[in-house]
Amino acid sequence: MLEINATETVREGSIFGQISTMDHEQLVVCHDQATGLKALIGIHNTTLGPALGGTRMWPYASDADAITDVLRLSRGMTFKNSLAGLNLGGGKAVIIGDPKLKNEAFLRRFGRFVESLGGRYVTAEDVNMKTSDMEYIAMETRHVTGLPQLKGGAGDPSPVTAYGVYMGIKAAAKKAFGSDSLAGKKIGVQGVGQVGKYLIEYLVKEGAEILITDIFEDKLREISKATGATVVDPNVIYDLPMDIYAPCALGATINDETIDRLKCAVVAGGANNQLKDEGKHGRILMDKGIVYAPDFLINAGGVINVGAEYFGDYHRETVFSQTEKIYDTCLTILEKSEKENIAAQQAAIDVAKARIEAMGRVKLSF
Ligand code: NAD
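Attention here is on the structure that accompanies the text. What you are looking at is a predicted structure, and each value in this text was computed from that prediction instead of being measured.

Turning our attention to the packing of helix H10 (residues 301-310) against helix H11 (residues 316-324). Axis separation between H10 and H11 bottoms out at 9 Å; the angle between their running directions is 145°. In this structure, the crossing between H10 and H11 has a hand that is right-handed. Across the interface between the two elements, Gly-301, Ile-304, Asn-305 and Ala-308 of H10 pack against Arg-316, Val-319, Gln-322 and Thr-323 of H11. Its residues assigned to classes, the contact of H10 with H11 shows three nonpolar, four polar and one charged.

This next bit is on the site of the ligand. Near the ligand there are 21 residues, and of these Thr-161, Val-195, Asp-214, Lys-219 and Asn-272 occur at the shortest range. Lys-219 has a polar side-chain atom sitting 2.6 Å from an oxygen atom of the ligand. Its free accessible area being 820 Å², the ligand has 81% of it covered by the protein chains. Looking at the shell around the ligand, the elements with two or more residues in it are helix H5 (158-177) and helix H6 (194-205). Among the residues forming the shell around the ligand, the class breakdown is nine nonpolar, nine polar and three charged.

Looking at where Gln-274 falls in the secondary structure, it is placed in the loop between strand E11 (266-267) and helix H8 (278-287). At 2.9 Å, the side chain of Gln-274 and the backbone oxygen of Ala-271 are in polar contact.

Note on placement: Gly-301 falls in helix H10. Exposure remark for Gly-301: the relative accessible area of 0% places this residue in the buried category. Along the backbone, Gly-301 and Ala-162 are 139 residues apart, and their C-alpha atoms lie at a distance of 7.3 Å. Ignoring anything within four residues of it in the chain, the contact list for Gly-301 reads Val-160, Thr-161, Thr-323 and Ile-326.

This paragraph deals with the packing of aromatic side chains. For the coordinates displayed, the defined rule picks out seven aromatic pairs. When the ring of Tyr-163 is compared with that of Tyr-202, the centres are 5.4 Å apart and the planes differ by 50°; the resulting orientation is tilted. You can see Tyr-163 sitting in helix H5 and its partner Tyr-202 sitting in helix H6, a full 39 residues away along the chain. The class of Tyr-163 is buried, set by a relative accessible area of 12%. These aromatic residues form a ring-pair network of at least three members: Tyr-163, Tyr-166, Tyr-202 and Phe-320.

Reading guide: rules and limits
- Per chain, the residues get numbers from 1 upward, laid out in the order the sequence is written.
- Selection of residues for local features in this predicted model requires a pLDDT of at least 70, selection of side-chain atom pairs for listing and counting requires 80 or more, and totals for whole chains, interfaces and linings are taken over all residues.
- To get the side-chain values, take all heavy atoms of the structure and skip hydrogens and water.
- To get an axis, fit a line to the C-alpha atoms, keeping to the stretch in contact for a helix; angles then go from 0 to 180 degrees between the N-to-C directions.
- Think of it this way: any DSSP run of H or I at least four residues long counts as a helix, any run of E at least two long counts as a strand, and we number them from the N terminus.
- Crossings are sorted by hand: turned counterclockwise from the far helix by less than a right angle, the near helix makes the crossing left-handed, and turned clockwise it makes it right-handed.
- When checking whether two residues touch, look at their non-hydrogen atoms; a contact exists if any pair is within 4.5 Å.
- Polarity classes work like this: nonpolar for Ala, Val, Leu, Ile, Met, Phe, Trp, Tyr, Cys and Pro, charged for Asp, Glu, Lys and Arg, and polar for all others, with Gly in that last group.
- Any residue with a heavy atom lying within 4 Å of a molecule or strand is counted as near it.
- Under the rule applied, a polar contact is a pair of N or O atoms within 3.5 Å (in protein, one hydrogen donor and one hydrogen acceptor; residues adjacent in sequence only if both atoms are side-chain atoms).
- Only the protein chains shown count as covering a residue, and every accessible area follows the Shrake-Rupley method with a 1.4 Å probe.
- For the exposure calls, accessible area comes from a 1.4 Å probe over protein chains only, and a residue counts as buried if that area is under 20% of its type's maximum, exposed if over 50%, partly exposed in between.
- Working definition: a ring pair exists when centres of Phe, Tyr or Trp rings (six-membered ring for Trp) sit within 6.5 Å. Plane angles under 30 degrees give stacked, over 60 give edge-to-face, the rest tilted.

Given below as structure tokens:
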């Protein structure tokens, strides 16, 4: 599930060039000979608070790929956390290598590096990191969140993420169809994993007609049996007429090959980095009259959940009501996009940056 997207033009061969292009505060290089740990921690912006974002482990083809990924992902977290109204900055970590390298010492060593940053960076789960891995990391640092309920954490954030995606879908439907009712709407859900399966429950309750696809047939069979959703082939999901396409699997599924095949009025889903090229594909969607709900806006339920856990102030109802606000924020951003004739992705980034700038000024006063 690598989600490296060509969303930024970066100058190759110069770390400071990349950091300054994307405006990061810090890039931490972590190495431990004994365990074989090689990790990078990207801290993009801490104006709003500690930089929170998950750790992913991936066998990157080169160090340059890993640097690019951690820089893009941590920048995305800055915007996501800002738009969600959180007092959190943006950060992310990547561990380079085969996930089979992980063991207790390896993970605890990584935890020591996180601890060494004194809370400037707070970690959580991401691709190829399991709850059990986070438990080892938590043995060495307080700056970790998304722990299982049995360990005093708030547990799996996916149901909250799915609720936020549902809110985003309804807001985008309101913009596209004049009503946020999803009754009778044909919705294609790509990926029936943690987020997809909870999302489908909300959509079914509203009487939507669901198409589902995944690369695991057993998952599809089970969900189809439970919900009546129609199973479709992963390769044809882009070609089928539908009202709403909800990507909930991979990043970069809106790309040069798929964008002209889409026959929908709305794109709104949980996957991170859906636009392969943020600027280009965001604009093309707009020109085609497709309403796009920016992913980092509508999939923020998970970070709202782990953020509340980190601050030790976790109330499930509050977390859901904060996530519900995604509906209003999404509508505001879609209106701004139309009014200013800019892609929704850009409108969302502008709103996120404006909050950071305003709060930065607030913090200047004594
Ligand atoms: P997951 O691994 O549980 O589910 C992903 C599903 O996509 C799996 O069932 C997988 O088989 C399927 N898939 C993979 N390749 C596919 C393909 N080519 N076609 C169709 N299906 C395919 O992951 P998740 O936690 O549900 O996350 C889904 C997406 O949402 C990811 O992009 C993730 O980064 C993003 N996201 C998740 C959360 C969260 O709280 N879990 C929060 C924010 C963003």
